[in-house]
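Coordinate inspection notes
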Amino acid sequence: MADADEPAAPEGALSKNEQKRRAKQEAAAKAKAEKAAAKAAADAAEPSKPKAAAAAAAGDEEEEEEEDAGKYFESRLAYVNGIKAAGGNAYPHKFHTSMQIPTYVAKYAEAVAPGAFAEETGVALAGRVLSKRSGGRGLVFLDLVGEGAKVQVFADASKFPEWEGLDKEARNAKFIALMTTLKRGDVIGVTGTPGKTRRGELSLFPSSMLLLTPCLHMLPKSAPGRPALVDKEIRYRQRYLDLMVNPATRHNFITRTKIVNFVRRFLDMHGFLEVETPMMNAIPGGATARPFITKHNELNLDMYMRIAPELYLK
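Here is what the cut-offs are and how they apply
- Residues numbered from 1 in each chain as written.
- Predicted model: local features only at pLDDT ≥ 70, side-chain atom pairs only at ≥ 80, totals over all residues.
- Heavy atoms only, no water.
- Helix = DSSP H or I, 4+ residues; strand = E, 2+ residues; numbered from the N terminus.
- Contact = heavy atoms within 4.5 Å.
- Polar contact = N/O pair within 3.5 Å; in protein donor to acceptor, adjacent residues only side chain to side chain.
- Phe/Tyr/Trp six-rings, centres within 6.5 Å; stacked < 30°, edge-to-face > 60°.
- Buried < 20%, exposed > 50% of the residue type's maximum accessible area, 1.4 Å probe, protein only.
- Pairing = 2+ DSSP bridges.
- Axes fitted to C-alpha atoms, helices over the stretch in contact; angles between N-to-C directions.

Focus: the environment of Arg235
Structurally, the position occupied by Arg235 is in helix H7 (residues 232–237). Distance in space between the C-alpha atoms of Arg235 and Thr249 is 9.6 Å, their sequence separation being 14 residues. Setting aside anything within four residues of it in sequence, one finds Arg235 in contact with Leu229, Val230, Asp242, Asn246 and Thr249. Among the polar contacts made by the side chain of Arg235, one reaches the side chain of Asp242 at a distance of 3.2 Å.

Some points on the packing of aromatic side chains
Taken as a whole and judged by the stated rule, the model has eight aromatic pairs. Geometrically, the ring pair formed by Phe117 and Phe205 is edge-to-face, given 4.8 Å between the ring centres and 65 degrees between the ring planes. Taken together, the residues span a long stretch of sequence, with Phe117 in the loop between helix H5 (101–108) and strand S1 (123–136) and Phe205 in strand S5 (residues 202–213) at a distance of 88 residues. Residue Phe117 is classed as partly exposed on the basis of its relative accessible area, which comes to 49%.

Considering the sheet that holds strand S3 (residues 149–156)
Strand order in this closed barrel of five strands is S1-S2-S3-S5-S4, and the pairing throughout is mixed. On average, each strand axis in the sheet is inclined to that of its neighbour by 50 degrees, with strand direction left out of account. Note that S1 and strand S2 (residues 139–146) share seven bridges and pair antiparallel. Bridging across to S2, Ser134 finds its partner in Val140. Together, S1, S2, S3, strand S4 (187–196) and S5 form the strand contacts of H5, whose direction differs from that of S3 by roughly 80 degrees.

These values are about where atoms sit, not about what they do.
So, in structure tokens, the structure goes:
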């Protein structure tokens with residue numbers, strides 16, 4: 001509503017409030033353009049090679065997020081086909097693990113001090129890459145999840161024995177090439193030394209990494225404090241994706257299974273028998289309820305889905 005003291009604007013002319021709003025928009029756009037120009041000038045003044053290497057070390061995660069789902073699928077499929085064409089195996093048959101991720105977390109969470117390493121070496125874990133981020137040249141962090149638990153993989157190019165004889169540039173190039181093959185959603189095998197970062201984050205410091213199963217589709221990315229997948233249509237139609245990226249859904253499934261198993265064991269201990277009753281009947285049953293009708297093609301019969309499962313138990 002216009003101010004009481006503000007005179008009515010002529011037809012076709014802008015009101016004072018509209019003029020102020022547009023002036024603010026123009027000022028904000030000008031400031032944004034100046035900021036972008038200053039950033040571009042600063043980027044041009046810096047050497048380009050370290051920036052390119054850092055971007056590659058991040059595993060092209062930014063490019064992955066900007067890519068649409070169709071192009072991402074095509075690029076990943078081309079990568080898998082390229083491995084097969086070269087005589088390699090994109091899906092290794094077997095990877096021997098030392099323990100599961102929940103066991104790893106339970107064993108080393110309190111046994112290792114911040115900034116220290118465990119005495120054991122060659123500990124092998126396998127899991128799905130949930131997130132990937134760069135820590136600079138020759139350093140990448142990955143979150144590995146499995147069986148409802150998560151552990152950080154602290155990948156350092158200088159810790160891979162197979163590249164010890166190479167100079168720093170060649171070693172980083174090998175490391176970047178390995179990291180670019182690992183994407184969010186991939187199942188990987190990691191062998192290394194358990195330890196904690198100086199901030200106390202339980203991690204596995206790898207000496208070797210192997211891609212076990214490439215994920216061909218882009219995973220939804222979660223914002224801080226929000227689930228990764230919120231669309232109900234996708235969640236219910238693609239339950240595997242919901243279970244993969246939303247820990248709360250997985251917890252609900254596990255809780256339901258435990259409840260059903262408890263009820264079944266309780267009744268079994270008290271002498272009850274579990275039996276199966278027909279799902280489809282030749283005649284409708286269930287008082288006045290309207291049953292679902294289907295057709296038995298081989299017998300040429302109309303069948304009715306049961307409504308009252310206790311009829312066969314009486």
